Amino acid sequence: MRRSGPVLLPALATLMLATVPLAGSATAREMPTTATTAPAAARKANVVILATGGTIAGAGADASNSATYQAAKVPVDKLIAAVPSLSELANVRGEQVLQIASESFTNAQLVQLGKRISALLKQDDVDGVVVTHGTDTLEETALFLDLVVRSDKPIVVVGSMRPSTAISADGALNLADAVATAASPASKGKGVLVTMNDEIQAGRDVTKRVNIKPSAFFSQWGPLGMVVEGKTYWFRAPVKRHGASSEFDIDTIDTLPEVAIVYGSGNMNPAPYTAAVQAGAKAIVHAGTGNGSVAGYLVDTLKDLRAKGTLIIRSSRVGDGFVLRNAEQPDDQYDWVVAHDLNPQKAKILAAVALTKTSDTKELQRIFWEY
């Protein structure tokens, strides 16, 4: 039987040689130079990864430990080295800002992180910032940065639900997605973003809903887009004020006032509200049932605290929806504020930031509507 392979290859090579003009030939001289000039490679974005700890930097004793581990163990240089493909997405460098589990974040550390990001984004050689963060308070940090860092350059907050030592760890892909998002020109001006589980979420909207699955982060208004194989795909954009359009500026904020959350339930005791004020709270977020409801036997306590200067903000412990003003309670009459669609922990962040500017309830309500 005759074998065709060895015969075909030389024949193909002969054909190619016959059709390619030789250097210096008339045909080569006549060919426009632009026809053979490859387009210049697009400039890679410069992305700084600021590490703060969390599960994405965690380690377990065994590969089967996906929920039992120690957070904040792996330094930023090892996080970057563990994902070699980052260098294909952007010019990446890292800084270790903190190394803590995110439930231990304080207001002072939020301010520290915000100031560092603001300083970096003012540099011409920084196109975007990625913040690695524990998931427990990731949503609070994302909203805080959305409110106070006055830049349109991308800020992407990312975490993981499983440590890097676990089977099917999610941190490496989440980090790659975060860098891809921070490096994308399409991310500019969309506020602080969160990349988890292939999705791009608005930092203002997203919240942690599950504590043991990679699909833990959710927004009732839906994700902004997705990251697939290092490319961002967008489907909507945020409309609330953020970034360069914000009236707040981290460069002028050094401390945040104390704001407390009191969780609503049946058969409540008024003591936690008064104790919070005695401990220094300037505002109380009431995480009420339903539409931010306040039990009848608590109304006088909250009215009294407001009369003495403490701000009362009605939020809801319900996952979705928003609190209607003057529904359930006469907010105008009592001089209370409603948190709109922000959950209690996000309402706490916005209240603390807003109080650096004003304590006027009409202004505070405007801020809750606009942000």
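This write-up is about the structure you can find in this document. (Residues numbered from 1 in each chain as written. Predicted model: local features only at pLDDT ≥ 70, side-chain atom pairs only at ≥ 80, totals over all residues. Heavy atoms only, no water.)

**Side note on the pattern of salt bridges**
Enumeration over the complete set of coordinates arrives at 19 salt bridges. Two residues, Asp 251 and Lys 122, come together in a salt bridge whose shortest N-O distance is 2.6 Å. Pair noted here: Asp 251 is in the loop between strand 10 (231-234) and strand 11 (259-263) and Lys 122 is in the loop between helix 5 (107-121) and strand 3 (128-132), with a separation of 129 residues, a long-range link. Among the residues examined, Asp 251 registers a relative accessible area of 38% and is labelled partly exposed. Each of the salt bridges in this network shares a partner with another, and the network as a whole consists of Arg 241, Glu 247, Glu 363, Arg 366 and Glu 370. (Salt bridge = Lys/Arg side-chain N within 4 Å of Asp/Glu carboxyl O. Helix = DSSP H or I, 4+ residues; strand = E, 2+ residues; numbered from the N terminus. Buried < 20%, exposed > 50% of the residue type's maximum accessible area, 1.4 Å probe, protein only.)

**Topic: empty space enclosed by the protein**
The tally for this structure, following the rule as stated, stands at two cavities of 30 Å³ or more. When its volume is computed, the largest cavity comes out at roughly 70 Å³. Lining the largest cavity are 15 residues; nearest its centre among them are Ser 151, Lys 153, Gly 191, Val 192 and Gly 243. Class assignment for the residues of the lining of the largest cavity results in five nonpolar, six polar and four charged. Its boundaries defined by the atoms lining it, the second largest cavity holds a volume of some 40 Å³. Lining the second largest cavity, in full, are Asp 146, Lys 190, Gly 191, Ala 202, Arg 204, Pro 238, Lys 240 and His 242. The class makeup of the residues in the lining of the second largest cavity is two nonpolar, two polar and four charged. (1 Å grid on protein atoms, 1.4 Å probe; cavity = no way out; pocket = protein on both sides within 12 Å on 5 of 7 lines; lining within 4 Å. Points joined across faces, edges and corners; volume = space filled by probe spheres on them. Nonpolar A, V, L, I, M, F, W, Y, C, P; charged D, E, K, R; others polar.)

**What to know about the nonpolar core**
Ranked by size, the top nonpolar core spans 56 residues in total, and within it Ile 117, Phe 144, Leu 145, Val 148 and Phe 368 carry the most contacts. If we skip the residues at most four places from it in the chain, Leu 145 touches Leu 113, Gly 114, Ile 117, Ile 155, Val 157 and Val 192. Ala 45, Leu 86, Ala 180 and Leu 224 belong to the second largest nonpolar core, which has 24 residues in total. (Core = buried A, V, L, I, M, F, W, Y, C linked by side-chain atoms within 4.5 Å. Contact = heavy atoms within 4.5 Å.)

**Description of the packing of aromatic side chains**
Applying the stated criterion to the full structure yields two aromatic pairs. Aromatic pair Phe 248 and Tyr 371: ring centres 5.3 Å apart, planes at 45°, arrangement tilted. Placement of the pair is Phe 248 in the loop between strand 10 and strand 11 and Tyr 371 in the segment after helix 12 (361-370), with a sequence separation of 123 residues. Considered together, Phe 248 and Tyr 371 belong to a single accessibility category, that of buried residues. Across from the ring centre of Trp 234, 4.6 Å away, lies the NZ or CZ of Lys 190, which sits over that ring. The side chain of Lys 231 reaches across the aromatic face of Tyr 233, ending 5.6 Å from its centre. (Phe/Tyr/Trp six-rings, centres within 6.5 Å; stacked < 30°, edge-to-face > 60°. Lys NZ or Arg CZ within 6 Å of the ring centre and 35° of its normal.)

**Here we look at the layout of surface pockets**
Approximately 410 Å³ is the volume found for the largest pocket. Elements that contribute at least two residues to the lining of the largest pocket include exactly strand 7 (207-208), strand 11, strand 13 (311-316) and helix 11 (344-354). No other element matches helix 11, which puts three residues into the lining of the largest pocket. Its residues assigned to classes, the lining of the largest pocket shows 10 nonpolar, 12 polar and eight charged.

**With respect to the pairing of strand 10**
As judged from the four bridges shared by strand 9 (residues 225-228) and strand 10, these two strands associate in the antiparallel manner. Paired with Val 227 across the strands is Thr 232, a residue of strand 10. Linking strand 9 back to strand 10 in an antiparallel pair, the connection comprises two residues, with Glu 229 at a positive phi of about 50°. (Pairing = 2+ DSSP bridges.)

**A short note on the sheet that holds strand 6 (residues 199-202)**
Pairing in this open sheet of eight strands is mixed, and the strands run 2-1-3-4-5-6-9-10 from one edge to the other. The open sheet terminates on both sides in strands that have one partner only, identified here as strand 2 (91-100) and strand 10. On average, each strand axis in the sheet is inclined to that of its neighbour by 25°, with strand direction left out of account. The sheet contact formed by strand 6 and strand 9 spans two bridges and is antiparallel. The partner of Ile 200 across the bridge, within strand 9, is Gly 225. Those strands touched by helix 5 are strand 1 (46-53), strand 2, strand 3 and strand 4 (155-158), and its axis lies near 165° from that of strand 2. (Axes fitted to C-alpha atoms, helices over the stretch in contact; angles between N-to-C directions.)

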